[in-house]
Amino acid sequence: MKIYLDGKLVEKEDAKISVFDHGLLYGDGIFEGIRVYNGRVFRLKEHLNRLWSSAKAINIKIPIQQKDMEKAVIKTLLANKLCDAYIRLLVTRGSGDLGLDPRKCITPPSIIIITDSISLYPEELYEKGMDVITVSTRRIKQDSLSPNIKSLNYLNNILAKMEAIRSGVMEAIMLNAEGYVVECTGDNIFLMKAGVLYTPPGSEGALIGITRDAVIELAKNKLKIPVREERISIYNVYTSDECFLTGTAAEIIPVVSADSREIADGKPGKTTVKLIKEFKNLTRLTGTPIK
């Protein structure tokens, strides 16, 4: 496996950064997870736009232009001969001293591109649906840290994931400080109720996901379903007609129970199944070609 590291393709075993890099010491850096389907990088420009926005928000100057980053991603995929893959793209603050001061980082931000496969959930859960629980770990308040900064520090999400695992499920619903549904540990959440599709807005602390946006577009334009970004309670989840999660790695996965309460008839909903089909068509037919 070849890894892109600061302008060079190196073997996996040689892909190393300094232990003084603030990305390692403090989680001071940013990332994107991107998917490749059938030789096309899905919504690459949107992912890179979000990466640059995250960088600007925490005052990291990415040392190459966006068009060159696009070329680097494709170069790495070609080197590994991958037509279907998961890309993890990271930008760290760079190496400094043991203090917090980013001005002490004496090297430019490091760029790392990993191309590999990923499988978050067993295939059977996409067919039968998954169970989730609500966890006590709350999402960080959006007025403390914007959820749209995809930083390298995912401790908040990891603690919630650990709660889910201890409870015997693979995913968990996270609430905000006010007790409203925000998202799951790594996915956005959607509900269907009375023919309307609902999802929490960014103002509640949800990440505005790339797959989330794609699903909203498909629902509105392909299935002609009204979509509302509104505050959602856990009661709304329990009493919904359908529930599903979205994410770059997860894609679209049905949820059939929450906190041991069956959602509707305990099976993936018809609209969810239709959206999965439409999303697969979208990923097959669109994206930046690898060439």
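Residues numbered from 1 in each chain as written. Predicted model: local features only at pLDDT ≥ 70, side-chain atom pairs only at ≥ 80, totals over all residues. Heavy atoms only, no water.

## A short note on the packing of helix α2 (residues 44–57) against helix α3 (residues 66–79)
Viewed as axis vectors pointing N to C, α2 and α3 meet at an angle of 125°, and their least axial separation amounts to 11 Å. By the angle class used here, α2 and α3 are oblique. Handedness of the α2/α3 crossing: right-handed. Across from L44, K45, L48, N49, L51 and W52 in α2, the residues of α3 making contact are Q66, M69, E70 and V73. Of the residues belonging to the contact of α2 with α3, the class tally is six nonpolar, two polar and two charged. (Axes fitted to C-alpha atoms, helices over the stretch in contact; angles between N-to-C directions. Helix = DSSP H or I, 4+ residues; strand = E, 2+ residues; numbered from the N terminus. Parallel < 35°, antiparallel > 145°, perpendicular 65-115°, else oblique. Left-handed = near helix turned anticlockwise from the far one by under 90°. Contact = heavy atoms within 4.5 Å. Nonpolar A, V, L, I, M, F, W, Y, C, P; charged D, E, K, R; others polar.)

## Thoughts on the domain arrangement of the protein chain
Here the domain parsing of the protein chain yields domain 1 (2–116) and domain 2 (123–285). For domain 1 versus domain 2, the separation of C-alpha centres amounts to 27 Å. When domain 1 packs against domain 2, the two sides together hide about 1,900 Å² of surface, and 62% of this comes from carbon and sulfur. It is F31, R43 and R50 in domain 1 that bury the most area against domain 2; as a group they hold 32% of the surface buried on that side. Inspection of the region where domain 1 meets domain 2 yields two salt bridges. The closest approach of N and O atoms between R35 and E251, which form a salt bridge, is 3.7 Å. The interface formed by domain 1 and domain 2 contains ten residue pairs in polar contact (both at pLDDT 80 or more). Top contributing element to the side of domain 1 that touches domain 2 by residue count: strand β3 (residues 29–37), with eight residues. Grouping the amino acids of the side of domain 1 that touches domain 2 by side-chain chemistry returns eleven nonpolar, eight polar and six charged. (Domains from an automatic or database assignment. Buried area = accessible area lost by both parts, 1.4 Å probe. Salt bridge = Lys/Arg side-chain N within 4 Å of Asp/Glu carboxyl O. Polar contact = N/O pair within 3.5 Å; in protein donor to acceptor, adjacent residues only side chain to side chain.)

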